[in-house]
Amino acid sequence: MRALPLISIAALALGATMGTAQAAESTYGQGDFFTRAGLAKVSPKDDNGDYDSLGVDKVDVKDGRGFAITFGYRFLDKWGVELLAAQRFKHDFDLDGEHGGSVKHLPPTLTLQYYPLGGTDARVQPYVGAGINYTRFSAEDVNIEGASMDMDNSWGWAGQVGVDLLINDHWAINAAAWYLDIDSNVTANAGGETYKTHLDIDPVVIMSGISYRF
């Protein structure tokens, strides 16, 4: 007769252990700190402006590639914030189809995010976001002897879409894209003269990589 209580106690212990294990599993939602990292491609829109004062009808800024990383926090199951950081991206640019020089930029971007499936056990977790971008230009180089160029830094809005494909409680495969509203007033100096123009860059940034939740 003593076997039955022992079996019951063992069953209760097993049930409690399983319940504790389930409770210990982290959910995709509130309280998560996370980071995402991967390779990013920055693709400016076509035809970024002109430089009439230099006799240039078309300025085209080319794609740039590099490493990017983000840091974020989920303050609610369905809401969070994320900061995009990256190494400086280098872009060549053409003037009327000929190589005109290059420039580097750093585009930190802060977005408020919405996760429609946050707080659920769904393995596919999409999200959208909107926020603000600050772009700092540097290392401006013009392929014209004796000429120099300076680009003003830019503030603008940003939009974002992305998805995490969950592997386990911590790791996920991530893909994301941002639209960044980037424009700059440009000043060139050549032959003792100063020439000004305005460029609209407005790139789409596509990143693929991994995500880790702490």
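It should be emphasised that the depicted structure is a prediction, and the values quoted were computed from it without experimental measurement.

Secondary structure summary: the protein chain contains 1 helix and 15 strands in total. A total of 214 residues make up the protein chain; the buried ones form 38% of that total. A separation of at least 24 residues holds for 67% of the contacts in the protein chain among residues at least 6 apart in sequence. Counting only carbon and sulfur atoms, one obtains 61% of the accessible surface of the protein chain, whose full area is about 11600 Å².

It is worth spelling out the packing of aromatic side chains at this point. Summed over all chains, the structure comprises 8 aromatic pairs. Consider the rings of Y134 and W155, whose centres lie 4.7 Å apart with planes at 45°: the pair is tilted. Within this pair, whereas Y134 is found in strand 9 (residues 124-142), its partner W155 is found in strand 11 (residues 154-166), the two being separated by 21 residues in sequence. Residue classification places W155 among the exposed positions, given a relative accessible area of 60%. Arranged with centres 5.2 Å apart and planes meeting at 45°, the rings of W157 and Y179 form a pair that is tilted. Of this pair, W157 sits in strand 11 while Y179 sits in strand 12 (residues 171-180), and the two are 22 residues apart along the sequence. Of the residues examined, W157 reaches a relative accessible area of 48% and is grouped as partly exposed. Through pairs of rings, three or more aromatic residues link up here, namely Y28, Y115 and Y127. Across the ring face of Y115, the terminal group of R74 is positioned such that the distance to the ring centre comes to 3.7 Å.

The next subject is unusual backbone geometry. Note: most residues except glycine have negative phi, and most peptide bonds are trans. If you check the backbone angles, D96 has positive phi at about 50° while not being a glycine. Looking at the secondary structure, you find D96 in the loop between strand 6 (89-95) and strand 7 (98-106).

Across the protein chain, the average pLDDT comes to 85, with 87% of residues at or above 70. No element of the protein chain has a lower mean pLDDT than helix 1 (residues 3-24), at 36, and none a higher one than strand 8 (residues 109-114), at 98.

In this section: the sheet that holds strand 13 (residues 183-190). The 3 strands are arranged 10-13-14 in an open sheet whose pairing can be described as antiparallel. The open sheet terminates on both sides in strands that have one partner only, identified here as strand 10 (148-151) and strand 14 (193-200). Taking the axes of each pair of neighbouring strands and ignoring which way they run, one obtains an average angle of 20° across the sheet.

Here is what the cut-offs are and how they apply
Residues numbered from 1 in each chain as written. Predicted model: local features only at pLDDT ≥ 70, side-chain atom pairs only at ≥ 80, totals over all residues. Heavy atoms only, no water. Helix = DSSP H or I, 4+ residues; strand = E, 2+ residues; numbered from the N terminus. Buried < 20%, exposed > 50% of the residue type's maximum accessible area, 1.4 Å probe, protein only. Contact = heavy atoms within 4.5 Å. Areas by Shrake-Rupley, 256 points an atom, 1.4 Å probe, with all protein chains shown as cover. Phe/Tyr/Trp six-rings, centres within 6.5 Å; stacked < 30°, edge-to-face > 60°. Lys NZ or Arg CZ within 6 Å of the ring centre and 35° of its normal. pLDDT = per-residue confidence, 0-100. Pairing = 2+ DSSP bridges. Axes fitted to C-alpha atoms, helices over the stretch in contact; angles between N-to-C directions.

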